[in-house]
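# Working through the structure, step by step
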Amino acid sequence: MSPVSPRRTYASERPQVTLRVVPFDVDGFRIGYAPTIIGGPVPQLDTVLMDTPHGGNYLDAEAQLDRCRRGFAQVQKQALGVVEPRDFIHSLAQQI
């Protein structure tokens, strides 16, 4: 699936899905993996899927989750707004 997949933008329109995009030109932002935070009303059940070149790893230890939550907070500070990613992805798709 390409990074500008229509399937991803479609999924982002669901109320339980939040898609955040950090453009490559953001200063000081470095991340080398694609984390997926799976969370709900009971934080002890939260899980993070780390999609790495070596395969996926599920993290559920509190220390690991805390580190991922802090990283996600940084992403939220530097990412485009909630609606802007769809426009950004569509513009990328047009360039390909």
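Below, the structure is looked at part by part. (Residues numbered from 1 in each chain as written. Predicted model: local features only at pLDDT ≥ 70, side-chain atom pairs only at ≥ 80, totals over all residues. Heavy atoms only, no water.)

### As for the nonpolar core
Counting residues in hydrophobic clusters, the biggest one holds five residues: Val48, Met50, Leu59, Leu65 and Cys68. Listed by contribution, the elements that provide at least two residues to this core are strand E2 (47–52) and helix H2 (62–78). Setting aside residues up to four positions removed in sequence, cysteine 68 forms contacts with Ile37, Val48, Met50 and Leu59. (Core = buried A, V, L, I, M, F, W, Y, C linked by side-chain atoms within 4.5 Å. Buried < 20%, exposed > 50% of the residue type's maximum accessible area, 1.4 Å probe, protein only. Helix = DSSP H or I, 4+ residues; strand = E, 2+ residues; numbered from the N terminus. Contact = heavy atoms within 4.5 Å.)

### Quick notes on the environment of aspartate 60
For aspartate 60, the location among the structural elements is in the loop between strand E3 (55–59) and H2. Taking relative accessible area as the criterion, aspartate 60 reaches 55% and is therefore assigned exposed.

### Some details on the pairing of E3
Where E2 lies against E3, five bridges are found, and the strand directions are antiparallel. In the sheet register, aspartate 51 faces E3, and the bridge partner there is glycine 56. Hairpin geometry of E2 and E3 is characterised by an intervening segment of two residues between the two adjacent antiparallel strands. (Pairing = 2+ DSSP bridges.)

### Here we look at H2
Structurally, the α-helix is built with 3.6 residues per turn, so residues lying three or four positions apart point the same way. For H2, with 17 residues, the first-to-last C-alpha span of 24 Å sits near the 24 Å given by 1.5 Å per residue. Inspection of H2 places Leu65, Cys68 and Val75 among the buried residues, and these make up the whole buried set. Take H2 and look down its axis: the buried residues cluster within an arc of 75 degrees, on one side only. What points out from H2, more than 90 degrees from its buried face, is the exposed set Ala63 and Lys77. (Expected span 1.5 Å × (residues − 1). Arc of directions from axis to C-beta.)

### Regarding the pattern of salt bridges
Applying the stated criterion to the full structure yields three salt bridges. Its salt-bridge partner being arginine 69, residue aspartate 46 comes within 3.0 Å of it at the nearest N-O pair. Note that aspartate 46 is positioned in the loop between strand E1 (34–38) and E2 and arginine 69 in helix H2, a separation of 23 residues in sequence. Put simply, aspartate 66 and arginine 70 hold a salt bridge, and the shortest N to O gap is 2.5 Å. Remark: arginine 70 and aspartate 66 occur in helix H2; sequence separation between them is four residues, near one turn of the helix. (Salt bridge = Lys/Arg side-chain N within 4 Å of Asp/Glu carboxyl O.)

Worth remembering: the numbers are spatial, not functional.
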